[in-house]
Amino acid sequence: MIYFNMAKLFEIDRATIGNLFKTSSFQIPDFQRDYDWDGEYSTFIDDIITSYNQQDDEYYIGTVISFKDSNGFSQVIDGQQRLTSLFILTTAYWIFLGEKKSTVTKQDSVKRILVKDDETWSSDKEDIFLLQTTDPSGQEWIENVMRTGETKEINDKSKKHNLALKKALNIFRDAEEPSELFKHIMNGIVISHVEALDFRQAYIVFERMNDRGKELTIPDKIKYILMGKHTKNIDEFRNYSQSINEKWRQVADAFKNDNDFTTFLIHYFVAFLITDSSKWIDQADAVSWFRRYWDTKKEPIPLLDDMYKKAILYNGYKEAFDNSPRPIKNDNLKYKRSYFASNIPHH
C-alpha cells in the first residue's frame, strides 16, 4: 500500500481482481455515463483471453478511482466500464457453472463474490451485490440476473448489459478449461484501486490522472474542469452535473467529431476568453490554460450558454451562412470562409 502526503487524502492498492472483489461492494452513481463499451468490450475480453493463452503471470488493466461512503460502499468515480465488464464476466461464470450442474460448493464460491453476506455494508436492501447502481433501470437488471441467473432483457437500458453477458457466457462455454480461465481472471488480472478520502479528493485525482493520460479527449477534460466547481460532496455534484452535461452535450452536438469540437474550443478561448490579443494557445496548452482560467470563475452554465450561441455562428460562418434569424447562404462570406479555412492551420 502506498500513501500520498501527510493528510492521507487517498491511497493506491495494486490488487488482483479476486482480492479486490472479495472485499468490496462498488456503487456506480447515476451521474456516470451508461455502460456502453461496444468495441472496447470485445477488445477487453480478447486481451484477457490472450493474456490467459500466453500464460501471463499478470495482466494490468488500469485504474479504478473511488471513495468509501458512510455506508461502506465504494462510490466509483472512474473505471465503471472496467468494473462492469469484470462483474459481467464473473456473473457469466456463475451462470455457466449452473448450466453445467457444477457442485453447489463451486457455484456458491463464485456467488459469494457477487452477493455479499456480512455486515460490512449498511443498506435497507435485501441483498448487497458486488456491483450496484443508483440508476433504477441498471439496478433492476442486476437484481434480476443475481436472483434468476438468466440472461434476460427486462428494460430498455439492459440491452447492452445483456449482450455483454451473453458474449461472456459464450467465452466460458467455448473454453477448453473454463475453470482455469476464471482463475486467471481472478488471480492474474491486476488493477490499481485508488481510494480517496472523500468525493472531492476522488474527483481531483480523477481529473489530474486523466489530464496526463490518453483516454480522455480535450473536450472531455474541459468538461470535467467545468464540473469540478461543484465537487464539495457527491450530492452537490449530482444536483449540478445533469444540467452541466446537458448544456455541454448541446454544444458538442453542434460538431461532427471531437477534432472539430476541439478546434472550436481553442478558437473560442482565444477569441472570447483570452484578454491578451497577441496570445495564442494550441492543443497541447488548451487544458492547462483553461484550468488556470477557470480557477477564478464560478458558474459554468452562463459560459456554456454563450459557447452554444457562438458554436452556431461559428458553424454558420464556416458554411457561409449569415447570422440572420433564418440563416441563408451569403455569397460575400464564401471568399472569407475559404480564406479563414486555408489560413487557420498556420496558427
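Here is what the cut-offs are and how they apply
Residues numbered from 1 in each chain as written. Predicted model: local features only at pLDDT ≥ 70, side-chain atom pairs only at ≥ 80, totals over all residues. Heavy atoms only, no water. Helix = DSSP H or I, 4+ residues; strand = E, 2+ residues; numbered from the N terminus. Buried < 20%, exposed > 50% of the residue type's maximum accessible area, 1.4 Å probe, protein only. Contact = heavy atoms within 4.5 Å. Areas by Shrake-Rupley, 256 points an atom, 1.4 Å probe, with all protein chains shown as cover. Axes fitted to C-alpha atoms, helices over the stretch in contact; angles between N-to-C directions. Parallel < 35°, antiparallel > 145°, perpendicular 65-115°, else oblique. Left-handed = near helix turned anticlockwise from the far one by under 90°. Nonpolar A, V, L, I, M, F, W, Y, C, P; charged D, E, K, R; others polar. Phe/Tyr/Trp six-rings, centres within 6.5 Å; stacked < 30°, edge-to-face > 60°. Core = buried A, V, L, I, M, F, W, Y, C linked by side-chain atoms within 4.5 Å. Expected span 1.5 Å × (residues − 1). Polar contact = N/O pair within 3.5 Å; in protein donor to acceptor, adjacent residues only side chain to side chain. Salt bridge = Lys/Arg side-chain N within 4 Å of Asp/Glu carboxyl O.

Looking now at the overall build of the chain. Scanning the chain from terminus to terminus reveals 14 helices and 9 strands. Each of the 347 residues in the chain was classed as buried or not, and the buried ones make up 47%. Contacts in the chain between residues at least 24 apart in sequence constitute 65% of all its contacts with a sequence separation of at least 6. Carbon and sulfur atoms form 47% of the exposed surface of the chain, whose accessible area is close to 19100 Å².

To continue, consider the side chain of S192. Mapped onto the fold, S192 is located in strand 9 (residues 189-196). Look past the residues within four positions of S192 in its chain and what remains in contact with it is I12, D13, R14, Y60, G62, T63 and V64.

When you line up the elements, K22 lands in helix 1 (residues 17-22). Overall, the relative accessible area of 58% leaves K22 in the exposed class. Separated by 91 residues in the primary sequence, K22 and I113 have C-alpha atoms spaced 5.6 Å apart.

What follows concerns the packing of helix 11 (residues 258-273) against helix 13 (residues 300-318). Running from N to C, helix 11 and helix 13 point in directions that differ by 110°, and their axes come no closer than 11 Å. Compared by their axis directions, helix 11 and helix 13 come out roughly perpendicular. Viewed along their axes, helix 11 and helix 13 form a crossing whose handedness is right-handed. On helix 13, the residues touching T263, F264, L265, H267, Y268, F272 and L273 of helix 11 are L303, D306, M307, K310, A311 and Y314. Within the contact of helix 11 with helix 13, the residues separate by chemical class into 9 nonpolar, 2 polar and 2 charged.

As for its position among the elements, T151 is in the loop between helix 5 (136-148) and helix 6 (159-174). The exposure class assigned to T151 is partly exposed, which follows from its relative accessible area of 29%. Here T151 is in contact with I95, N162, L165, K166 and L169, once residues within four sequence places are set aside.

This brings us to the packing of aromatic side chains. Applying the stated rule across the entire model yields 17 aromatic pairs. Their ring planes at 25° and their centres at 6.2 Å tell us that Y93 and F96 sit as a pair that is stacked. Within this pair, Y93 and its partner F96 are both found in helix 3 (residues 80-99), separated by 3 residues, close to a single helical turn. Neither residue differs from the other here; Y93 and F96 are each classed as buried.

This brings us to the packing of helix 3 against helix 4 (residues 104-114). Where helix 3 contacts helix 4, the axes come no closer than 9 Å and their chain directions differ by 155°. Classified by the angle their axes make, helix 3 and helix 4 are roughly antiparallel. Read as a crossing pair, helix 3 and helix 4 show a hand that is left-handed. Seen from helix 3, the contacting residues are F87, T90, T91, Y93, W94, L97 and G98; seen from helix 4, they are K106, Q107, V110, K111, I113 and L114. Here the residues of the contact of helix 3 with helix 4 are counted per class, giving 7 nonpolar, 4 polar and 2 charged.

It is worth spelling out the nonpolar core at this point. Formed by 47 residues in total, the largest nonpolar core has its most connected members in F21, F26, L86, F87, M146, F172 and I185. Top contributing element to this core by residue count: helix 3, with 11 residues. If sequence neighbours within four positions are ignored, M146 has contacts with F87, T91, W94, K111, L114, V115 and F129. Membership of the second largest hydrophobic core comes to 43 residues, among which are A252, F269, I274 and Y293.

It is worth spelling out helix 12 (residues 283-294) at this point. The end-to-end C-alpha separation of helix 12 is 17 Å, in line with the 16 Å expected for 12 residues at 1.5 Å each. Where helix 12 is concerned, the buried positions are A286, V287, W289, F290, R291, Y293 and W294. N-cap assignment for helix 12: the residue whose side-chain oxygen lies 3.1 Å from the backbone N of A284 is D282.

So, on to the pattern of salt bridges. One pass over the full model with this rule turns up 8 salt bridges. Between E58 and R14 there is a salt bridge, with its nearest N and O atoms 3.1 Å apart. One end of the pair, E58, is in the loop between helix 2 (39-53) and strand 4 (59-68); the other, R14, is in strand 2 (residues 10-16), with 44 residues separating them in the sequence. Since its relative accessible area comes to 44%, E58 is described here as partly exposed.

Let us look at the environment of D78. Structurally, D78 can be placed in strand 5 (residues 74-78). Overall, D78 belongs to the buried group, its relative accessible area being 16%.

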